[in-house]
Amino acid sequence: MGAAEPSEAAEQERLRADYLGHLAAHPDGMWKSCGDGHVTASALVIDPSSGRVLLTLHRKLRMWLQMGGHCEPSDATLERAALREATEESGIEGLSLLPGGPVRLDRHLTPCAWHLDVQYAALAPAGAVEAISDESLDLRWFAYDEVASVADTSVVRLLARTREVLG
């Protein structure tokens, strides 16, 4: 019998420690210029009243993902970076992050470097109208139960955790 899968909480704590270790070892670890990987910030745009999320078909990766990307020097916090990215990529003004900080952490390899992604959830205001950005091939609302058929496990886990936080 194989070893049990680590619990989600244990995995998240391990990632948190890894992120802190990375930043301690790399003074530039917040920035895209760090070749050994860098912190990114993202936000899943969600409309709980309609049971749906807005995903972007990423131009370079050609995958359905939450909004997000690299931190900029003008971002005072990771929360600001996540909200800026979500607003820019969704075209929706008036997004608000769920309180309580990040929803999840996710580390993934991109064609250029490791991304140490700090993932938030952003609530779409009533009547939100999205507008595609230059970074996307498409932008589309998906019902909760459709996400697993279009997105990878990191997005599915982010949605599941976001729904838990929402209650």
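The coordinates are above.
Residues numbered from 1 in each chain as written. Predicted model: local features only at pLDDT ≥ 70, side-chain atom pairs only at ≥ 80, totals over all residues. Heavy atoms only, no water.

K.L.:
What is the right way to read the packing of aromatic side chains from this model?
P.N.:
The description of an aromatic ring pair rests on the distance of the ring centres and on the angle between the ring planes. One pass over the full model with this rule turns up 1 aromatic pair. A centroid spacing of 5.0 Å and a plane angle of 80° characterise the contact between tryptophan 64 and phenylalanine 142, whose relative ring orientation is edge-to-face. Here tryptophan 64 is found in strand β3 (residues 64–65), whereas its partner phenylalanine 142 is found in strand β8 (residues 136–143), with 78 residues between them in sequence. Residue tryptophan 64 is classed as buried on the basis of its relative accessible area of 11%. Here arginine 52 stacks its cationic end above the ring of tryptophan 141, 4.0 Å away from the centre of that ring. (Phe/Tyr/Trp six-rings, centres within 6.5 Å; stacked < 30°, edge-to-face > 60°. Helix = DSSP H or I, 4+ residues; strand = E, 2+ residues; numbered from the N terminus. Buried < 20%, exposed > 50% of the residue type's maximum accessible area, 1.4 Å probe, protein only. Lys NZ or Arg CZ within 6 Å of the ring centre and 35° of its normal.)

K.L.:
Got a minute to help me understand helix α2 (residues 78–90) in this structure?
P.N.:
At 3.6 residues per turn, the α-helix brings residues three or four places apart onto the same side. Under the 1.5 Å per step criterion, the end-to-end length of α2 is 18 Å for 13 residues, consistent within 8% with the ideal 18 Å. Those residues of α2 lying buried are Ala81, Ala82, Leu83, Arg84, Glu85, Ala86, Glu89 and Ser90. Where α2 is buried, its residues touch β1 (38–47), β2 (52–58), β4 (67–70), β5 (96–97), β7 (114–123) and β8. Immediately beyond the C-terminal end of α2, within one or two residues, lies glycine 91, with a positive phi of roughly 75°. (Expected span 1.5 Å × (residues − 1). Contact = heavy atoms within 4.5 Å.)

K.L.:
Is there a simple way to explain unusual backbone geometry in this structure?
P.N.:
Negative phi is the rule for most residues except glycine; trans is the rule for most peptide bonds. Look at arginine 62: it is not a glycine, yet its phi comes out positive at around 55°. Position of arginine 62 among the secondary structure elements: in the loop between β2 and β3. A relative accessible area of 60% places arginine 62 in the exposed class.

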